[in-house]
Amino acid sequence: MKKYLTLIAAALLLISACEFDFTPEIDSDPKLFVKCVAMNDSICAQVKYAAPSSDAQKIQNVSAAHLELAVNGQTFSIDLDDNGTGTVIKQVKEGDLISINAGMAGLNDVYGYTEMPGLPEISDVKVENNVLIDSISYTVLHLKTDRKPDSDDYYAVHIIEERTMTSPDTLIVDTTFVRAMIQSGDDGVPEFASLNDNNGLFPFIKAPVILFPASAFKHNECALSLLSFGFIFPDMTLRSRYKLLVSKVSEEFYLYSMSLYKSSGDILATLGLAPPQFAWSNIEGGLGFCGALATIETDWYE
């Protein structure tokens, strides 16, 4: 019994030693929440009304908000639907400056901007099966680029797996989406985000998606270990092939994604043992983000 009391006392001392005071920076004023994403052939924006939970008038009709987009200074007005969403169909090219301005009666106007990245220069994808990593067998996809990415490049990859299962009297073809992990790059394992479709970036980008910086590449090659699970009967054989949606994303898109990823997995903050992680924002006067992504679709690889 004395032993257990000693352990409990040590645990309490450890918890108390980890205590610290912090004051969260909470703005009680209602604000506009804006998401704006420029893609290859369109710009999609969404406006929401953000207010503290104690605000009895937190639900507002955002279709009355005004929203203006600009590409290199050329402005476009967007009509918002009842959900506060609108789209402009326009080709956007590398280096274009996209800005957004939104306002609503009784609230401050908000502003944000981003720069359109170029298309990812993927030259080849190699599939390597049964790779042992920490005694676990993985399928690894090796993405190769035409050149070593610049240090300020950021990427997002959505992986589609087509499984063909066969037996003497059965043929099953199934398509699924695969999560992945980053292997070591030039500077070790880089910080990356692995997001599902409940993280607020969609429908701008397909899920699940893994986002990572240029440091994930060793020279001009990046390795993704697939977290692919499935069951096949003993008399069946399995053959898989893969297609990728590869995007080069703006720094703003990457930073916002990373903040969502860190917030979604912040167990200590959920338990009240650490300050919460808030979503990164580049919207002046409000909340949300303005980002961009340029996407290509690869062939099938096996």
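Look up: the structure comes first, before these words.
Residues numbered from 1 in each chain as written. Predicted model: local features only at pLDDT ≥ 70, side-chain atom pairs only at ≥ 80, totals over all residues. Heavy atoms only, no water.

J.: Whenever I open this one, the overall build of the protein confuses me. Can you help?
T.: A tally of regular secondary structure across the protein gives 3 helices and 16 strands. When the 302 residues of the protein are sorted by exposure, 43% land in the buried category. Of the contacts made within the protein by residues no fewer than 6 positions apart, 67% connect residues no fewer than 24 positions apart. Split by element, the accessible area of the protein, about 17,000 Å² in all, is 52% carbon and sulfur. (Helix = DSSP H or I, 4+ residues; strand = E, 2+ residues; numbered from the N terminus. Buried < 20%, exposed > 50% of the residue type's maximum accessible area, 1.4 Å probe, protein only. Contact = heavy atoms within 4.5 Å. Areas by Shrake-Rupley, 256 points an atom, 1.4 Å probe, with all protein chains shown as cover.)

J.: Explain the packing of aromatic side chains to me, please; I cannot follow it from the model alone.
T.: The relative placement of two aromatic rings is captured by the distance of their centres and the angle of their planes. Counted by the stated rule, this structure contains 7 aromatic pairs. Plain terms: the ring middles of F212 and F217 are 6.3 Å apart, the flat faces sit at 50° to each other, and that makes the pair tilted. For the pair F212 and F217, a shared accessibility class is recorded, and that class is buried. Members of the aromatic cluster, joined through ring pairs, are Y155, F212 and F217. (Phe/Tyr/Trp six-rings, centres within 6.5 Å; stacked < 30°, edge-to-face > 60°.)

J.: Even after reading the chapter, I still don't get the pairing of strand β2 (residues 42–50), so can you show me in this structure?
T.: Each regular strand carries side chains that alternate between the two faces of the sheet. Extensive coverage of β2 is indicated by the burial of 7 of its 9 residues. Sheet topology places strand β1 (residues 31–38) next to β2; 8 bridges connect them, and they run antiparallel. If you follow C36 over to β2, its bridge partner there is A45. Hairpin remark: β1 followed by β2, antiparallel, with 3 residues in the connecting loop. One ladder, built from 5 bridges, connects β2 with strand β5 (residues 85–89); its direction is antiparallel. Note on β5: the bridge partner recorded for I43 is V88. (Pairing = 2+ DSSP bridges.)

J.: Please explain the side chain of T164 as it appears in this structure.
T.: Examined against the element boundaries, T164 turns out to sit in strand β10 (residues 154–167). Here T164 is in contact with L171, I172, V173, T237, L238 and R239, once residues within four sequence places are set aside.

J.: Looking at this structure, how should I read empty space enclosed by the protein?
T.: One way to see where empty space is left: roll a probe the size of a water molecule over the atoms. Inspection of the entire model under this criterion finds 2 cavities of 30 Å³ or more. Here the largest cavity is characterised by a volume of approximately 40 Å³. What lines the largest cavity is V157, I159, V178, R179, A180, S194, P208, V209 and I210. Listed by contribution, the elements that provide at least two residues to the lining of the largest cavity are β10, β11 (170–182) and β13 (209–213). Looking at the lining of the largest cavity, the element that brings in the most residues is β11, giving 3 residues. A volume near 30 Å³ is recorded for the second largest cavity. Lining the second largest cavity, in full, are E121, T145, R147, P149, D153, Y155 and K248. Counted by class, the lining of the second largest cavity contains 2 nonpolar, 1 polar and 4 charged residues. (1 Å grid on protein atoms, 1.4 Å probe; cavity = no way out; pocket = protein on both sides within 12 Å on 5 of 7 lines; lining within 4 Å. Points joined across faces, edges and corners; volume = space filled by probe spheres on them. Nonpolar A, V, L, I, M, F, W, Y, C, P; charged D, E, K, R; others polar.)

J.: What am I meant to see in the nonpolar core here?
T.: Nonpolar side chains in soluble globular proteins generally cluster together in the buried interior. Grouped together as the largest cluster of nonpolar side chains are 29 residues, with contacts concentrated most on I43, L67 and I100. Only β1, β2, β3 (66–71), β6 (97–103) and β16 (287–297) provide two or more residues apiece to this core. For I100, the residues in contact, after removing those within four places along its chain, are V34, C36, A45, L67, E68, L69, V110, Y111, G112, I283 and C290. Counting 23 residues, the second-largest nonpolar core is a separate cluster that includes A216, F217, L244 and Y301. (Core = buried A, V, L, I, M, F, W, Y, C linked by side-chain atoms within 4.5 Å.)

J.: Would you mind showing me how to read helix α2 (residues 251–264) here?
T.: Spacing of three or four residues puts side chains on the same side of an α-helix, whose turn is 3.6 residues. Over its 14 residues, α2 runs 20 Å from end to end, which matches the ideal 20 Å to within 8%, given 1.5 Å per residue. Taken together, the buried positions of α2 are E252, F253, Y254, Y256, S257, M258, S259 and L260. (Expected span 1.5 Å × (residues − 1).)

J.: When you look at the state of the cysteines in this model, what are you seeing that I'm missing?
T.: As used in these notes, a disulfide is a covalent bond between sulfur atoms, one from each of two cysteines. A full pass over the atoms with the stated rule returns 0 disulfides. Here C44 stays free of any disulfide, with the sulfur of C36 as its closest cysteine sulfur at 8.2 Å. (Disulfide = S-S within 2.5 Å.)

J.: What exactly am I supposed to notice about the pattern of salt bridges here?
T.: Pairing is possible between side chains of opposite charge, provided their charged atoms come close. Taken as a whole, this structure holds 9 salt bridges when the rule is applied. Within this structure, E121, R147 and D150 form a network of salt bridges that share partners. (Salt bridge = Lys/Arg side-chain N within 4 Å of Asp/Glu carboxyl O.)

J.: Sorry if this is basic, but what is going on with the sheet that holds β3 here?
T.: Whenever strands of a sheet pair, they do so through backbone hydrogen bonds, lying parallel or antiparallel. Taken together, the 4 strands give an open sheet; going across it, the order is β4-β3-β6-β7, and neighbouring strands pair in antiparallel fashion. Two strands lie at the open edges of the sheet, namely β4 (74–77) and β7 (110–115), each paired on one side alone. When the angles between neighbouring strand axes are averaged without regard to direction, this sheet yields 20°. In this sheet, β7 lies alongside β6 in antiparallel orientation, the contact comprising 6 bridges. Each residue of the ladder has a partner; that of N101, found in β7, is Y111. (Axes fitted to C-alpha atoms, helices over the stretch in contact; angles between N-to-C directions.)

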